[in-house]
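Spelled out, the chains give:
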Amino acid sequence: EIKGGFDVTPVIDAALIDDWITVLLLLERGADPLAASRNGLTMTNLLSTSRVDRKGRYGVALEKVQAFLKKKGINDTPYEPTQVKKMLADGEWPPK
């Protein structure tokens, strides 16, 4: 995946602004669901901190993203960003 400003992939960029519709579109087209920013932000971390209205269109898309990740076997318990940063520095991200 191509990383832009702040070493962030488009899927993480979209998740940062709670644009779960775009996140879902990118994931369905092959974006890395285990992408992480250099600050340690991951999809599961951003999902867990999202404040979108779960009944609105972004909330519906958020739930579809959660289902997509679950289907891929990605744990919905997020790693803390500090832990991800350490794992990135140690070459241990993504987890096996």
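What counts, and where the lines are drawn
Residues numbered from 1 in each chain as written. Predicted model: local features only at pLDDT ≥ 70, side-chain atom pairs only at ≥ 80, totals over all residues. Heavy atoms only, no water. Helix = DSSP H or I, 4+ residues; strand = E, 2+ residues; numbered from the N terminus. Rg over C-alpha atoms; globule rule 2.2 N^0.38 Å. Salt bridge = Lys/Arg side-chain N within 4 Å of Asp/Glu carboxyl O. Buried < 20%, exposed > 50% of the residue type's maximum accessible area, 1.4 Å probe, protein only. Arc of directions from axis to C-beta. Contact = heavy atoms within 4.5 Å. Core = buried A, V, L, I, M, F, W, Y, C linked by side-chain atoms within 4.5 Å. Phe/Tyr/Trp six-rings, centres within 6.5 Å; stacked < 30°, edge-to-face > 60°.

Caption draft 1: Quick peek at the overall build of the chain. Looking only at helices and strands, the chain features five helices and zero strands. Tracing the chain from N to C terminus, the helices and strands come up as α-α-α-α-α. The C-alpha radius of gyration computed for the chain amounts to 13 Å, which stays within 12% of the reference 12 Å derived for 96 residues, consistent with globular compactness. Each of the three principal axes of the chain carries a C-alpha extent, and together these read 40 × 25 × 25 Å.

Caption draft 2: Representation of unusual backbone geometry within the structure. Cis geometry is found at the peptide bond from Trp-93 to Pro-94, where omega equals 5 degrees. Mapped onto the elements of the fold, Pro-94 is located in the segment after helix 5 (81-89). The backbone of Asp-18 shows a phi angle near 60 degrees, a positive value even though the residue is not glycine. With respect to the helices and strands, Asp-18 occurs in the loop between helix 1 (10-16) and helix 2 (20-28).

Caption draft 3: Representation of the pattern of salt bridges. One pass over the structure, following the stated rule, counts one salt bridge. Asp-90 is the salt-bridge partner of Lys-86, the closest N and O atoms lying 2.6 Å from each other. Taking relative accessible area as the criterion, Asp-90 reaches 42% and is therefore assigned partly exposed.

Caption draft 4: A look at helix 2. Taken residue by residue, helix 2 has Trp-20, Val-23, Leu-24 and Leu-27 as its buried positions. Down the axis of helix 2, the smallest arc covering the buried residues is 95 degrees, so these residues share one side. Contacts made by the buried residues of helix 2 are with helix 1, helix 3 (43-49) and helix 4 (57-71). Where helix 2 ends, the next residue or the one after it, Gly-30, has phi of about 105 degrees, a positive value.

Caption draft 5: Representation of the nonpolar core within the structure. The biggest cluster of nonpolar side chains holds 21 residues, and the ones touching the most others in it are Val-11, Trp-20, Val-23, Leu-27, Met-43, Val-65 and Leu-69. Every element with two or more residues in this core is listed here: helix 1, helix 2, helix 3 and helix 4. Here this core gets five residues from one element, more than from any other, and that element is helix 4. When near neighbours in sequence (up to four residues on either side) are disregarded, Leu-27 contacts Val-11, Asp-32, Pro-33, Val-65, Phe-68 and Leu-69.

Caption draft 6: View of the packing of aromatic side chains. Scanning all chains against the criterion turns up one aromatic pair. Taking the centre distance of 5.3 Å and the plane angle of 85 degrees together, the rings of Tyr-79 and Trp-93 count as edge-to-face. Pair noted here: Tyr-79 is in the loop between helix 4 and helix 5 and Trp-93 is in the segment after helix 5, with a separation of 14 residues, a long-range link. Classification of Trp-93 by relative accessible area gives buried; the value is 15%.

Distances and angles like these do not, on their own, reveal function.
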